Amino acid sequence: MAEAKEIMIAVNKKSCWCCDWLSRNIESQFALPGTHGIMYPWDPPEIGVSEIVLERLEDELWNKLHEMVSNSLPVFITPKKPMLITPTPSEFMQAKLRFLALLQSRCQ
């Protein structure tokens, strides 16, 4: 049951990963029934969410992407070369900036 200061939102399904994260990190707390953990293409609400929270969400999404890529690398490495290649934080940041530039160029 929701605490007195929580705002309940009536939904009949579990929320996506982004909505769940936002519900736990937004300035005005609200409760959702849980998450199925799947990440879908998603746009944040246009009002009511500070830029700081959205930047934290973006960082968390990049961290999740980095984690998924790093965890899937061993699957693609052949037994003849059993070394794990994990990008350094600076290499990951460079790839992130290239990816963002590519997205921006496609949106124009």
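Keep in mind it's a predicted model, so treat the numbers as computed, not measured. (Residues numbered from 1 in each chain as written. Predicted model: local features only at pLDDT ≥ 70, side-chain atom pairs only at ≥ 80, totals over all residues. Heavy atoms only, no water.)

Some remarks on the overall build of the protein
Threshold: Numbered from the N terminus, helices here are DSSP runs of H or I no shorter than four residues, and strands are runs of E no shorter than two. Only protein chains enter the accessibility calculation, which uses a 1.4 Å probe; a residue whose area is less than 20% of its type maximum is buried, one above 50% is exposed, and one in between is partly exposed. Here a residue-residue contact requires only that any non-hydrogen atoms of the pair lie within 4.5 Å. Accessible surface is estimated by sampling points in the Shrake-Rupley manner with a 1.4 Å probe; for residues, cover comes only from the protein chains shown.
Helix and strand counts for the protein come out as 3 helices and 2 strands. For the protein, the α and β elements follow one another from N to C terminus as β-α-β-α-α. For the protein, with 108 residues in total, the buried portion stands at 19%. Within the protein, contacts between residues at least 6 apart in sequence are counted, and of these 35% link residues at least 24 apart. Counting only carbon and sulfur atoms, one obtains 61% of the accessible surface of the protein, whose full area is about 8,800 Å².

So, the nonpolar core
Here is the rule: Definition of nonpolar core: a set of buried residues of the types Ala, Val, Leu, Ile, Met, Phe, Trp, Tyr and Cys, connected through side-chain atoms within 4.5 Å.
Counting 10 residues, the largest nonpolar core consists of Cys 16, Trp 17, Cys 18, Trp 21, Leu 22, Ile 26, Phe 30, Val 49, Val 53 and Leu 57. Counting residues per element, the ones that place at least two in this core are helix 1 (17-25) and helix 2 (51-76). Of the residues forming this core, the biggest block, 4 residues, is contributed by helix 1. Filtering out sequence-adjacent residues up to four positions away, Cys 16 remains in contact with Thr 35, His 36, Ile 38, Tyr 40 and Trp 42.

Focus on the pattern of salt bridges
Selection rule: Definition used for salt bridges: Asp or Glu carboxyl oxygen within 4 Å of a side-chain nitrogen of Lys or Arg.
Here the structure, examined in full by the defined rule, presents 1 salt bridge. Here Asp 20 makes a salt bridge to Arg 24, at a shortest N to O gap of 3.0 Å. In this pair, Asp 20 and Arg 24 both sit in helix 1, 4 residues apart, roughly one turn of the helix. Residue classification places Asp 20 among the buried positions, given a relative accessible area of 13%.

So, helix 1
Most of helix 1 sits out of view: 7 of its 9 residues are buried. Three or more residues of helix 1 are buried, namely Trp 17, Cys 18, Asp 20, Trp 21, Leu 22, Ser 23 and Asn 25.

Describing the environment of Leu 65
Here Leu 65 lies in helix 2. The class of Leu 65 is partly exposed, set by a relative accessible area of 39%. Along the backbone, Leu 65 and Lys 96 are 31 residues apart, and their C-alpha atoms lie at a distance of 10.0 Å.

Some details on the side chain of Ser 15
Relative to the helices and strands, Ser 15 is located in the loop between strand 1 (7-8) and helix 1. Setting aside its immediate chain neighbours within four residues, Ser 15 contacts Asp 20, Leu 32, Gly 34, Thr 35, His 36 and Gly 37.

Topic: the confidence of the model for the protein
Atom-level detail of predicted coordinates should not be read off regions where pLDDT is low. We count it as follows: The pLDDT value tells you how sure the predictor is about a given residue, anywhere from 0 up to 100.
Here the protein averages 76 in pLDDT, while 70% of its residues score no lower than 70. The secondary-structure element of the protein with the lowest mean pLDDT is strand 1, recorded at 63, while helix 1 shows the highest, at 88.

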